[in-house]
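# Observations on the model geometry
The primary structure of each chain is shown beneath.
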Amino acid sequence: MQRNQWKTASEQLLKHWQRCGISHIPSSSPEFDSKTSGHPKTEEWLREHAAVLFDSIATTAEPVKRIEPIETVSERISGPSFPLAVRENSPVPGPKSTAAPKIATAPATKTPVPIKSKSNLESIGEYGNWTSKVLNLSERAGVLTTLNEQANACRKCEDIVCQRQRTVFGVGAPNARVAMFGEAPGADEDRIGEPFVGAAGQLLDKILVASGLKRPEVYILNALKCRPPSNRTPTDIEIENCRPFFESQLEAIQPEYIVCWGSVAVRAVLKSTESVGRLRGKFHAFRGSKVLVTYHPAYLLRNPDAKRLTWEDMKMLIKEMGLQIPGKSG
């Protein structure tokens, strides 16, 4: 193999290591040397050029920098801490600790706020109020920016982090009345870095337009910030790893309504394994938000007959919001 071919192959290897948080060349062993006896200069060349290659990679990749914990941000704006902790073995510099990272728990809520619904007794969720003060627009944007940086640095889900292209945090208005909550990024989302941009996202856009809602006016996020390999269903552990991120997003925005698109969103927001079919048609709760459950757009693409049910759910949402379906009167 020619020298330039070795360089190309080594750059690809080092980029993969960098995505996984590896920043050094592992030491050799007799077993390694025996297996590479046909290329005695391989490890020597890697060590000689590692620093140069890492420097060249760093010039094209987003630099790793210290990320201020979200607790400090929220304290600076005189608000309660958001429940987010940076993992100890994250590449973000910081003091090491032998204790496990602590995630702040939400304080006990005061008088529960019931959901106004005829089916209130059948609804589920975390009834109560938001745990922090209402932030202004610039404060919300600042909190979301810091959370996004922390998500980019997260390395908790080892099966995912080495294969993702981008983290997919969330887009939309920080002061949105409605949060659209999905499952996880797909291939298109992983490539672009924005949720709901593939075929399912195009259908979501059509549903929003038909309902009289505009995409820039809502906030769109997923339970997972990274694409699971081969678009497999997220595991419970992966959802819990991302929980501090999406709960802090919702806490910063404090939307009046959350639409859970599909069963994974239900597991994340309502912590329920009940089917979408059993939970739809009524409002549930997440802190200060009314939660509506409906079918994921990807499911609707596979099962067009279910579109009628999702449209019924959206009409219920629009009516509850005090709005009117475009083209409808009275």
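Structure first, text after, so check above.
This report concerns the structure included in the present document. The shown structure was predicted, so the numbers you read here are calculated from the model rather than taken from an experiment. (Residues numbered from 1 in each chain as written. Predicted model: local features only at pLDDT ≥ 70, side-chain atom pairs only at ≥ 80, totals over all residues. Heavy atoms only, no water.)

Note that Asn 222 resides in strand β4 (residues 219-222). Each C-alpha atom, one on Asn 222 and one on Ala 265, is 7.6 Å from the other, the two residues being 43 residues apart in sequence. Apart from the residues lying within four places of it in its own chain, the contact partners of Asn 222 are Phe 181, Gly 182, Glu 183, Ala 184, Pro 185, Pro 195, Phe 196 and Phe 246. Polar contacts involving the side chain of Asn 222 include one to the main-chain amide nitrogen of Glu 183, which spans 3.2 Å. (Helix = DSSP H or I, 4+ residues; strand = E, 2+ residues; numbered from the N terminus. Contact = heavy atoms within 4.5 Å. Polar contact = N/O pair within 3.5 Å; in protein donor to acceptor, adjacent residues only side chain to side chain.)

For the rest of this paragraph, the subject is the environment of Leu 309. Residue placement: Leu 309 occurs in helix α13 (residues 307-320). Between the C-alpha atom of Leu 309 and that of Thr 294, which follows or precedes it by 15 residues, the distance is 8.0 Å. Excluding residues that lie within four positions of it along the chain, Leu 309 makes contacts with Arg 280 and Tyr 295.

This part is about the pairing of strand β7 (residues 289-294). In terms of burial, β7 is a largely internal element, 6 of the 6 residues being buried. The two faces of β7 match: Ser 289, Val 291 and Val 293 on one face and Lys 290, Leu 292 and Thr 294 on the other face are all buried. Pairing of strand β5 (residues 257-261) with β7 involves 5 bridges; the strand directions are parallel. Directly across from Ile 258, in β7, lies its bridge partner Val 291. Pairing geometry for strand β6 (residues 283-287) and β7, over 4 bridges, is antiparallel. Within β7, the position partnered with Ala 285 by the bridge is Lys 290. (Buried < 20%, exposed > 50% of the residue type's maximum accessible area, 1.4 Å probe, protein only. Pairing = 2+ DSSP bridges.)

Attention now moves to empty space enclosed by the protein. One water molecule sets the probe size; rolling that probe over the atoms shows where empty space is left. For the coordinates displayed, the defined rule picks out 2 cavities of 30 Å³ or more. Taken as a whole, the largest cavity holds about 120 Å³ of empty space. Around the largest cavity, the lining is made up of 14 residues, and of these Cys 154, Cys 157, Arg 164, Cys 226 and Cys 242 lie nearest the centre. Per element, the largest residue contribution to the lining of the largest cavity is 3 residues, and it comes from helix α9 (residues 236-253). Of the residues contributing to the lining of the largest cavity, the split by class is 9 nonpolar, 1 polar and 4 charged. (1 Å grid on protein atoms, 1.4 Å probe; cavity = no way out; pocket = protein on both sides within 12 Å on 5 of 7 lines; lining within 4 Å. Points joined across faces, edges and corners; volume = space filled by probe spheres on them. Nonpolar A, V, L, I, M, F, W, Y, C, P; charged D, E, K, R; others polar.)

Time to look at the sheet that holds strand β3 (residues 178-182). In space, the 7 strands of this open sheet follow the order β1-β6-β7-β5-β3-β4-β2, with mixed pairing throughout. Only two strands of the sheet have a single partner each, and these edge strands are β1 (125-127) and β2 (170-172). Taken pair by pair, the neighbouring strands of this sheet meet at an average axis angle of 30 degrees, ignoring direction. Sitting on the sheet, α13 touches β5, β6 and β7, and the angle it makes with β7 is about 165 degrees. (Axes fitted to C-alpha atoms, helices over the stretch in contact; angles between N-to-C directions.)

With that settled, consider helix α8 (residues 199-211). For α8, which comprises 13 residues, the first-to-last C-alpha distance of 19 Å matches the rise-based estimate of 18 Å (1.5 Å per residue) to within 8%. Taken together, the buried positions of α8 are occupied by Ala 200, Gly 201, Leu 203, Leu 204, Ile 207, Leu 208 and Ser 211. End-on, the buried residues of α8 take up no more than an arc of 160 degrees, which puts them together on one face. Opposite the buried face of α8, at more than 90 degrees from it, the exposed residues are Gln 202, Lys 206 and Val 209. Elements that come into contact with the buried residues of α8 comprise β3, β4, β5, α12 (297-302) and α13. (Expected span 1.5 Å × (residues − 1). Arc of directions from axis to C-beta.)

With that out of the way, let us pick up the packing of aromatic side chains. Applying the stated criterion across every chain, the model contains 4 aromatic pairs. Between Trp 130 and Phe 286, the aromatic rings sit 5.9 Å apart at their centres with planes inclined by 65 degrees, giving edge-to-face as the arrangement. One end of the pair, Trp 130, is in the loop between β1 and α5 (137-153); the other, Phe 286, is in strand β6, and 156 residues separate them in sequence. Both residues of the pair, Trp 130 and Phe 286, belong to the buried class. With 5.1 Å between their ring centres and 20 degrees between their planes, Tyr 295 and Tyr 299 make a pair best called stacked. (Phe/Tyr/Trp six-rings, centres within 6.5 Å; stacked < 30°, edge-to-face > 60°.)

With that settled, consider the nonpolar core. The biggest cluster of nonpolar side chains holds 63 residues, and the ones touching the most others in it are Met 180, Phe 181, Leu 250, Ile 258, Cys 260 and Leu 317. If one sorts the elements of this core by residue count, α9 sits on top with 7 residues. Not counting residues up to four positions away in its chain, the partners in contact with Leu 250 are Trp 130, Ala 179, Phe 181, Leu 221, Pro 255, Ile 258 and Phe 286. (Core = buried A, V, L, I, M, F, W, Y, C linked by side-chain atoms within 4.5 Å.)

Running from N to C, α5 and α9 cross one another at 170 degrees; their axes reach a closest spacing of 9 Å. In terms of orientation, α5 and α9 fall into the roughly antiparallel class. When α5 is examined against α9, the residues Arg 140, Val 143, Leu 144, Leu 147, Gln 150 and Ala 151 are found in contact with a partner set consisting of Phe 245, Ser 248, Gln 249, Ala 252 and Ile 253. A per-class count over the contact of α5 with α9 returns 7 nonpolar, 3 polar and 1 charged. (Parallel < 35°, antiparallel > 145°, perpendicular 65-115°, else oblique.)

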